Amino acid sequence: MEENSKASDQNQFQANFQIPFDYFVSKKHQAIESGCVLGFTDSFGNFVYGVQHLSHKSKDRPHCIKLFLDASGDTLFSIHRVNGSWQCFRGKESREEELIFKVERTVDGFTRTEFEISLSGESKEGSKIELKMKGSPFKRSCTIYKGDSIVAETSLMHKLGIKKMFIPRSRFRATIFPGCTDHSLALALVVIFFDGRKLWI
């Protein structure tokens, strides 16, 4: 209960923060709750978000679903993938009115991957604001752009000292930059960036 309270206080702070905010992404961490294949913790090691994996089959192709959970285990988003495209819905729903954004992969290479994101319902007219993601899954490098501004980015970590030791690739950093008012959505995009990659998620 105490950890969840800390995470709640942190989430209230996020909307007004003026410095980059780090999360730590891991497949293997003691803070990851049971049933999660991936977890996001803060700098104090508190579990903040988790990802559960589901797989379903449609008539002619596999339909993969990931649930993005908060620290209490409640589903914030459901992420649906079919081939090279994704849709993110609020909660466990998959109705059109619950759609938050769509993602299309435009470049799919070993050293370079790019995506375009269309956000839904940004205005009364229903116009869409485009975001982009670029990077290298192998290097754990992903940058999310809104225009010329960086919304978030990921990077591998290392320990400084006489002997420079790199942290295992199963754990890396996701940095959210000032101006992003919803960290959970930015982190859901990070999940999509690495979705389907071997040895990852």
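Check the entry above for the structure.
These numbers come from a predicted model, not from an experiment.

Enquirer: How do you make sense of the nonpolar core when you look at a structure like this?
Expert: Counting 38 residues, the largest nonpolar core has Phe40, Phe68, Phe101, Val103 and Met133 as the members making the most contacts within it. For this core, the leading source of residues is helix H2 (residues 183–194), giving 9 residues. Membership of the second largest hydrophobic core comes to 6 residues, among which are Cys36, Phe47, Ile65 and Ala71.

Enquirer: Sorry, what's going on with the side chain of histidine 183 here?
Expert: Tracing the backbone through its elements, the reader meets histidine 183 in helix H2. For histidine 183, a relative accessible area of 0% corresponds to the buried category. At 2.8 Å, the side chain of histidine 183 and the side chain of tyrosine 23 are in polar contact.

Enquirer: Honestly, H2 in this entry has me stumped. Any pointers?
Expert: Residue pairs spaced three or four apart in an α-helix point in one direction, given the helix's 3.6 residues per turn. With 12 residues, H2 ought to run about 16 Å at 1.5 Å a step, and its terminal C-alpha atoms sit 17 Å apart, in line with that. In terms of burial, H2 is largely enclosed, as 11 of its 12 residues are buried. Among all positions in H2, only His183, Ser184, Ala186, Leu187, Ala188, Leu189, Val190, Val191, Ile192, Phe193 and Phe194 are buried. Following H2 by one or two positions, glycine 196 has its phi on the positive side, about 85°.

The rules behind each value
- Residues numbered from 1 in each chain as written.
- Predicted model: local features only at pLDDT ≥ 70, side-chain atom pairs only at ≥ 80, totals over all residues.
- Heavy atoms only, no water.
- Core = buried A, V, L, I, M, F, W, Y, C linked by side-chain atoms within 4.5 Å.
- Buried < 20%, exposed > 50% of the residue type's maximum accessible area, 1.4 Å probe, protein only.
- Helix = DSSP H or I, 4+ residues; strand = E, 2+ residues; numbered from the N terminus.
- Polar contact = N/O pair within 3.5 Å; in protein donor to acceptor, adjacent residues only side chain to side chain.
- Expected span 1.5 Å × (residues − 1).

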